[in-house]
Amino acid sequence: MSLKYEICIDSTAGALAAEQAGADRVELCSALFDGGLTPTLGTVEATLAAVSSIRVHVIIRPRGGDFIYDEHEIAAMERDVATIRDAGAQGVVIGALTPSGEVDTEVAKRLIGAAGDLSVTFHRAFDMTADPFAALETLAGLGVDRVLTSGQDITALEGAPLIASLVERAGDRLVVMPGGGITPRNVGRVVEATGAREIHFAALVDAPSPATHRNPHPFMGGELRRPEYARQVTSPGLVSEVITAAGA
């Protein structure tokens, strides 16, 4: 079975780069510096209008930090799922946990219900669960299509032993998709070690800002921040490198 490739992006240009390089799907986010947050409806609509064949799945995550949400955040996520479904996206990427590190089944049911017939991925909140095998069983029972995971480790390569066990446990019930730190140098080892059928990665490279006037004094974020005139863009060449290196 040939591998499927999902590219983590934060722009319409990123979707077009992934499509150009031959990827199967994108996970459309904003704020990748925070691990990916819900993009604006305008970005979703512009991306869907621009691409021709690649599938667009949209992350639903209202803020950075933990995955324990209050009633207002849950309502917002439910509304975002429905709005993105109506916009024509092919899938959503969700996740919610209880304070004790279990899948929050009630929140998940609400979001899955709002998704209708969209494909549903459970994001790397999975890596913060207390018992990944119990979480996998819960998600399989909820009808989730795939789980994104680094194997509860720093990268998917380091988490490969757990990912392999999850792939085996999941069988054909849902896809276990490695993601986290995947590069052209290690993707072959991740695929071989895990038996995964789908791979998730970003393919970001630094790009210069077009700004010719620059004020070095103010900044727009907190103390931990990127430089104001630094950009990262999705590289079709780097996407192609990873696909070629995977060898499938």
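Here the structure is shown first, and the text comes after it.
The structure presented is a predicted model; accordingly, all values stated were derived computationally and were not measured.

Draft legend 1. Spatial organisation of the pattern of salt bridges. In this structure the tally under the stated criterion is 10 salt bridges. Its salt-bridge partner being arginine 146, residue glutamate 198 comes within 2.9 Å of it at the nearest N-O pair. Pair noted here: glutamate 198 is in strand 8 (residues 198-201) and arginine 146 is in strand 6 (residues 146-149), with a separation of 52 residues, a long-range link. Residue glutamate 198 shares its accessibility class with arginine 146, and that shared class is buried. Through salt bridges that share partners, Glu6, Arg25, Arg146 and Glu198 make up one connected network.

Draft legend 2. Structural view of helix 7 (residues 187-194). Taken together, the buried positions of helix 7 are Val187, Val190, Val191 and Thr194. All buried residues of helix 7 project into a common sector of 95° when viewed along the axis, lining one side. In this structure, the buried side of helix 7 is in contact with helix 6 (160-170), strand 7 (175-178), strand 8 and helix 8 (236-246). Of the residues one or two after helix 7, glycine 195 is the one with positive phi, at around 70°.

Draft legend 3. Region of interest: the packing of helix 1 (residues 12-21) against helix 8. Remark: helix 1 packs on helix 8, axes separated minimally by 8 Å, with the N-to-C direction vectors making an angle of 40°. As summarised for this structure, helix 1 and helix 8 are arranged oblique, according to the angle between their axes. With respect to the hand of their crossing, helix 1 and helix 8 are arranged in right-handed fashion. Contacts from Ala17, Gln20 and Ala21 of helix 1 reach helix 8 at Pro236, Val239, Ser240 and Ile243. Among the residues forming the contact of helix 1 with helix 8, the class breakdown is five nonpolar, two polar and no charged.

Draft legend 4. Local environment of the sheet that holds strand 7. Pairing is parallel across the open sheet formed by eight strands, whose spatial order is 7-6-5-4-3-2-1-8. Only two strands of the sheet have a single partner each, and these edge strands are strand 7 and strand 8. The mean angle between the axes of side-by-side strands here comes to 25°, regardless of whether they run parallel or antiparallel. Pairing between strand 5 (residues 119-122) and strand 6: two bridges, direction parallel. Residue pairing in the sheet places phenylalanine 122 in a bridge with valine 147 of strand 6.

Draft legend 5. Local environment of the nonpolar core. One finds Val92, Phe122, Leu139, Ile199 and Phe201 to be the most contacted residues of the largest nonpolar core, which totals 67 residues. No other element matches the six residues that helix 4 (residues 105-115) contributes to this core. Contact partners of valine 92, with chain neighbours within four places excluded, come to Val58, Ile60, Val81, Ile84, Ala115, Leu118, Ser119, Val120 and Thr121.

Draft legend 6. Broad picture of unusual backbone geometry. Positive phi, close to 50°, is recorded for alanine 31, a residue that is not glycine. Its location among the elements puts alanine 31 in the loop between strand 2 (25-28) and helix 2 (41-50). For alanine 31, a relative accessible area of 32% puts it in the partly exposed group. The backbone of glutamine 152 shows a phi angle near 55°, a positive value even though the residue is not glycine. By the element assignment, glutamine 152 lies in the loop between strand 6 and helix 6.

Reading the values: rules and limits
Residues numbered from 1 in each chain as written. Predicted model: local features only at pLDDT ≥ 70, side-chain atom pairs only at ≥ 80, totals over all residues. Heavy atoms only, no water. Salt bridge = Lys/Arg side-chain N within 4 Å of Asp/Glu carboxyl O. Helix = DSSP H or I, 4+ residues; strand = E, 2+ residues; numbered from the N terminus. Buried < 20%, exposed > 50% of the residue type's maximum accessible area, 1.4 Å probe, protein only. Arc of directions from axis to C-beta. Contact = heavy atoms within 4.5 Å. Axes fitted to C-alpha atoms, helices over the stretch in contact; angles between N-to-C directions. Parallel < 35°, antiparallel > 145°, perpendicular 65-115°, else oblique. Left-handed = near helix turned anticlockwise from the far one by under 90°. Nonpolar A, V, L, I, M, F, W, Y, C, P; charged D, E, K, R; others polar. Pairing = 2+ DSSP bridges. Core = buried A, V, L, I, M, F, W, Y, C linked by side-chain atoms within 4.5 Å.

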